[in-house]
Amino acid sequence: MKIIYVSIMSLMVLAMSSCIGDFFGCHHVRSDNSTRAQLDVVVEGQEMTVTLTNLTDKVVAVDKEMELYFMIDFVGVDYGIGRVKGFGKPLSERIVLLKPNESVSKKFRTGDIHHGYSVSLPVGGWNATPDYSMAGGRVPDFSKVDGIVVKYSSRSWDSRMPRVLAYEQGYNLPDGLMLDASVSVVVKLKRGFKYDMRLHRGDKELEGFRDN
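Here, residues in each chain are numbered from 1, in the same order as that chain's written sequence. Predicted model: local features are reported for residues with pLDDT of at least 70 only, side-chain atom pairs are reported and counted for 80 or more only, and whole-chain, interface and lining totals are derived from all residues. As a rule here, side-chain values cover all heavy atoms of the structure and leave hydrogens and water aside.

## Topic: the sheet that holds strand β11 (residues 147–153)
Then, number 1: Strand order across the open sheet formed by three strands is β5-β11-β12, with antiparallel pairing between neighbours. Sheet topology places β5 (70–75) and β12 (182–188) at the edges, where each strand pairs with a single neighbour. Here the strands of the sheet are splayed against their neighbours by 10 degrees on average, with no regard to which way each runs.
Then, number 2: Both β5 and β11 contribute to a ladder of six bridges, which runs antiparallel. When the sheet's bridge partners are listed, Met71 is paired in β11 with Lys151. Strands qualify as paired when DSSP identifies two bridges or more between them. The helix count covers DSSP runs of H or I at least four residues long, the strand count covers runs of E at least two residues long, and both are numbered beginning at the N terminus. Angles shown run from 0 to 180 degrees and are taken between the N-to-C directions of axes, each axis being a line fitted to C-alpha atoms and, for helices, limited to the stretch in contact.

## Points about the packing of aromatic side chains
Aromatic rings in a pair are described by how distant their centres are and how their planes are angled relative to each other.
Then, number 1: The aromatic pairing rule takes the rings of Phe, Tyr and Trp, using the six-membered ring of Trp, and pairs them if the centres are within 6.5 Å, calling planes under 30 degrees apart stacked, those over 60 edge-to-face and the rest tilted. Under the counting rule described, the total for this entry stands at four aromatic pairs.
Then, number 2: Judged by centre distance (5.9 Å) and plane angle (80 degrees), the ring pair of Tyr69 and Tyr152 falls under edge-to-face. Here Tyr69 is found in the loop between β4 (60–63) and β5, whereas its partner Tyr152 is found in strand β11, with 83 residues between them in sequence.
Then, number 3: Each residue is placed in one exposure class: buried if its accessible area under a 1.4 Å probe, protein chains only, is under 20% of its type's maximum, exposed if it is over 50%, and partly exposed if it falls in between. Accessibility expressed as a relative area gives 8% for Tyr69, which makes it buried.
Then, number 4: Seen from their ring centres, Phe193 and Tyr195 are 6.4 Å apart, and the 35 degrees between their planes marks the pair as tilted.
Then, number 5: Taking relative accessible area as the criterion, Phe193 reaches 11% and is therefore assigned buried.
Then, number 6: With a relative accessible area of 29%, Tyr195 lands in the partly exposed category.
Then, number 7: In this structure an aromatic cluster arises from ring pairing among Tyr69, Phe70 and Tyr152.

## Observations concerning the pairing of strand β2 (residues 37–44)
Then, number 1: The buried fraction of β2 is high, at six of eight residues.
Then, number 2: Sheet analysis places strand β1 (residues 26–30) next to β2, joined by five bridges and oriented antiparallel. Bridge pairing links His27 to Val43 in β2.
Then, number 3: Linkage of β1 to β2, two consecutive antiparallel strands, is achieved through a turn of six residues.
Then, number 4: Taken together, the eight bridges between β2 and strand β3 (residues 47–54) define a ladder with antiparallel strand orientation. Residue pairing for β3: Val41 is matched across the bridge by Val50.
Then, number 5: The hairpin turn running from β2 into β3, its antiparallel successor, is two residues long, and Gly45 in that turn takes a positive phi close to 65 degrees.

## Regarding the sheet that holds β2
Pairing between sheet strands relies on hydrogen bonds along the backbone, with the strands arranged either parallel or antiparallel.
Then, number 1: The four strands lie next to each other as β1-β2-β3-β8, forming an open sheet whose pairing is antiparallel. In this open sheet, the two strands that pair with only one neighbour each are β1 and β8 (103–109). Put simply, the sheet's adjacent strands are angled 10 degrees from each other on average, direction ignored.
Then, number 2: Two elements, β3 and β8, share seven bridges in a ladder whose sense is antiparallel. Following the sheet pairing, Thr51 is matched in β8 by Ser105.

## Details of the nonpolar core
Then, number 1: Among buried residues, the Ala, Val, Leu, Ile, Met, Phe, Trp, Tyr and Cys ones that are joined through side-chain atoms within 4.5 Å form a nonpolar core. By size, the foremost hydrophobic cluster in this structure holds 43 residues, and its most contacted members are Met48, Leu52, Phe74 and Ile148.
Then, number 2: Any two residues whose heavy atoms approach within 4.5 Å are treated as being in contact. The residues contacting Ile148, other than those within four sequence positions of it, are Val43, Met48, Ile72, Asp73, Phe74, Phe142, Val185, Val186, Val187 and Leu189.

## Re the environment of Leu189
Then, number 1: The residue Leu189 is located in the segment after β12 in this model.
Then, number 2: Sequence separation between Leu189 and Val145 is 44 residues; the distance between their C-alpha atoms is 6.8 Å.
Then, number 3: Not counting residues within four places of it along the chain, the set of residues in contact with Leu189 comprises His27, Val43, Phe142, Val145, Asp146, Gly147 and Ile148.

As far as function goes, none of this settles anything; it's purely spatial.
What follows is the structure, given as C-alpha cells:
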C-alpha cells in the first residue's frame with residue numbers, strides 16, 4: 001500500500017507541475033494539423049501560455065508579441081475588441097528568429113491587453129488600397145470562457161501586414177522570412193463545448209501549403 005501511495009502522489013505532483021490532461025483545472029492542447037509548425041496552449045487558472053514551434057528545416061521569423069498572423073478567439077464572452085491607434089511595437093522589437101525545432105512562448109493573463117490586425121477594402125473593391133488597422137481587447141476571466149481558439153496562419157487576410165509595417169518603419173524584412181504555416185488548436189474549457197474547425201484547417205489539408 002505504501003508503494004501505491006507514493007506512486008499516486010508522484011503522479012499528482014507530475015500532473016500539477018507539467019499540466020497533464022485536465023487535472024486541477026489545467027488544460028494543455030497540442031496541435032496535430034500542421035507539418036510546418038506546432039502550437040501548444042496551456043490554460044491554468046487565470047493564465048494562458050501559447051507556444052509556437054518551428055517544424056521546418058529553415059530559420060524563420062515570428063512575432064513574439066503573437067499579433068502578426070495570430071488569431072486568438074475567446075468563445076462565450078465579450079472581451080471588448082475595438083479599434084486602437086497605431087500598429088503596436090515596431091518590428092525591430094517584436095521579430096525573433098527561430099531555428100528548426102526552436103520555439104517562442106508568450107503568457108496571456110486575465111486583464112492583459114491583446115492586439116490583432118484588421119484589413120478592409122474601401123470603395124473600389126480589390127483594385128483599391130486596403131485599409132490596415134489594429135484592434136485591441138482585454139483578456140477575459142478564463143473561468144467564464146467556454147473555449148479558446150488559437151490559430152497561426154501566414155496566408156490569412158492580414159498576410160501583407162509584416163511587409164506593410166516593414167515599409168513604413170524602414171525595417172529590413174526579406175521576403176519569405178516569416179514562418180509560412182497554418183496551424184490551429186481549440187481548448188475546451190467547459191464540458192460539452194464544441195467548435196467547428198472547418199474554417200481553421202491546418203496546412204496538411206491546404207494545397208498551397210504542400211512542400212515543394
